[in-house]
2 protein chains.
Amino acid sequence: MRIGELARRSGVSERSLRYYEMQELLRSERTPGGQRHYGEWAVDRVIRIQALYAAGLNSKKIAQLLPCMRDADGAPSEIATPRLVDELAAERDRINRMITDLIRSRDVLDEVIATASVGVDASAVSGADAVGAARG
Amino acid sequence: MRIGELARRSGVSERSLRYYEMQELLRSERTPGGQRHYGEWAVDRVIRIQALYAAGLNSKKIAQLLPCMRDADGAPSEIATPRLVDELAAERDRINRMITDLIRSRDVLDEVIATASVGVDASAVSGADAVGAARG
DNA sequence: CTTGAACCTGACACCTGTGTCAAGTTCTAC
DNA sequence: GTAGAACTTGACACAGGTGTCAGGTTCAAG
């Protein structure tokens, strides 16, 4: 597929996809004219990249990490070095703290919402239970 | 307490504390000379502000939200308007998606770490102390 | 061919909380 | 009273992934 379709299917802008390529996170084949072509695998990969960015990893870390990840179809093409494992463990711990804090903030929001919704039309909190499953 | 102590106890820089005041998230009393003084309550408040920032809320939302939160000692001083409740519900949903994605990313990291640790000292994957244990 | 959508590269800007420096003032301990 | 730590305001800069525009090229349909 070309970049437009990948952008649409992954929910990531074309601008970002080109940026990912510049950061060596995402490869593409080029037509003789220079346009990018991607395989089906690209959709999942882009979504994973996006998630890692959202988790606070920077391009460099993601670039190191990606080849060590298990693809949908098989084993990782590389094994993380001890040095990288160290860094990833630190990231993991940071992410765990992040999750804890997020849950706390979410619960605060829930409380404020609940307090304001007492005796108020229930439609004001529509969508509230759609995400209750994520509560831990 | 003065700003230095608050910064130390809350883990937030003085710079940020002054910024919070500018954003009307944090009030302080001033000495005749102009120096800021805070009560004990400030520590918790600053930590909460920090957590809300980390959850992706901007200063304006936090400023609206704070008076609707229950303090350590009592009831909220304001009740969120229906309009605000809507916005907070949207934030809450966004945070839930964020949590889901973070958990997924963390699990990916765990897998990469575990894969790299096969045949290596198992203590390298035992959590926060992995940083120390795996070094070398 | 022609045409228009899709794509290319390159450049500039933004967001916004935070780091940092400068120059001056206030507080506290002795 | 004095030294020095702590504080004040103000200003400038940054991170870094992303939005967006400009000007040109490629692709595919008719």
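A. Broad picture of the interface of chain A and chain B. Each side of the interface is counted separately: chain A has 46 residues, and chain B has 45 residues. Elements that contribute at least two residues to the side of chain A that touches chain B include exactly helix H3 (41–54) and helix H5 (82–117) of chain A. No other element matches H5(A), which puts 28 residues into the side of chain A that touches chain B. Of the residues in the side of chain A that touches chain B, the class split is 31 nonpolar, 5 polar and 10 charged.

B. Summary view of the protein's contact with DNA strand D. Taken together, 21 residues sit near DNA strand D, with A:Ser13, A:Gly33, B:Arg2, B:Gly4 and B:Arg36 positioned nearest. Every element with two or more residues in the surface near DNA strand D is listed here: helix H2 (14–22) of chain A together with helix H1 (3–10) of chain B. Along the lines of polarity and charge, the residues of the surface near DNA strand D split into 4 nonpolar, 12 polar and 5 charged.

C. Fine view of the environment of A:Ser105. Residue and element names in this part refer to chain A. As for its placement among the helices and strands, Ser 105 is situated in helix H5. We classify Ser 105 as buried; it has 25 C-beta atoms within 10 Å. Between the alpha carbons of Ser 105 and Ser 10 there is a distance of 28 Å; along the sequence they are 95 residues apart.

D. Inspection of the protein's contact with DNA strand C at higher detail. The environment of DNA strand C is formed by 20 residues, the closest being A:Arg2, A:Gly4, A:Arg36, B:Ser13 and B:Gly33. Mapped onto the surface near DNA strand C, the elements with two or more residues apiece are helix H1 (3–10) of chain A together with helix H2 (14–22) of chain B. Class assignment for the residues of the surface near DNA strand C results in 4 nonpolar, 11 polar and 5 charged.

E. Inspection of the domain arrangement of chain A at higher detail. Residue and element names in this part refer to chain A. Domain assignment breaks chain A into domain 1 (1–79) and domain 2 (80–136). Facing 8 residues of domain 1, the contacting portion of domain 2 comprises 7 residues. Considered class by class, the residues forming the side of domain 1 that touches domain 2 number 5 nonpolar, 2 polar and 1 charged.

F. Summary view of the packing of H5(A) against helix H5 (residues 82–117) of chain B. In contact at an axis separation of 9 Å, H5(A) and H5(B) are set at 160 degrees when each is read in the N-to-C sense. If you check the angle between H5(A) and H5(B), you find them roughly antiparallel. The chirality of how H5(A) crosses H5(B) is left-handed. For the contact of H5(A) with H5(B), the class distribution of residues is 24 nonpolar, 6 polar and 8 charged.

G. Structural context of the nonpolar core. Counting residues in hydrophobic clusters, the biggest one holds 30 residues, and the most contacted among them are A:Val112, B:Leu65 and B:Leu88. Contributions of two or more residues to this core are made by H5 of chain A together with H2, helix H3 (41–54), helix H4 (59–65) and H5 of chain B. Examining the composition of this core, we find that 6 residues originate from one element, H5(B), more than from any other. Those residues in contact with B:Leu65, other than ones at most four positions away along the chain, are A:Val112, B:Leu52 and B:Leu88. By size, the runner-up hydrophobic cluster in this structure holds 29 residues, among which are A:Tyr20, A:Ala42, A:Met69 and A:Ile95.

About the thresholds
- Residues numbered from 1 in each chain as written.
- Chains lettered and ligands numbered in written order.
- Predicted model: local features only at pLDDT ≥ 70, side-chain atom pairs only at ≥ 80, totals over all residues.
- Contact = placed C-beta atoms within 7 Å.
- Helix = DSSP H or I, 4+ residues; strand = E, 2+ residues; numbered from the N terminus.
- Nonpolar A, V, L, I, M, F, W, Y, C, P; charged D, E, K, R; others polar.
- Near = placed C-beta within 6 Å.
- Buried ≥ 20, exposed ≤ 12 C-beta atoms within 10 Å, placed from the backbone.
- Domains from an automatic or database assignment.
- Axes fitted to C-alpha atoms, helices over the stretch in contact; angles between N-to-C directions.
- Parallel < 35°, antiparallel > 145°, perpendicular 65-115°, else oblique.
- Left-handed = near helix turned anticlockwise from the far one by under 90°.
- Core = buried A, V, L, I, M, F, W, Y, C linked by C-beta atoms within 7 Å.

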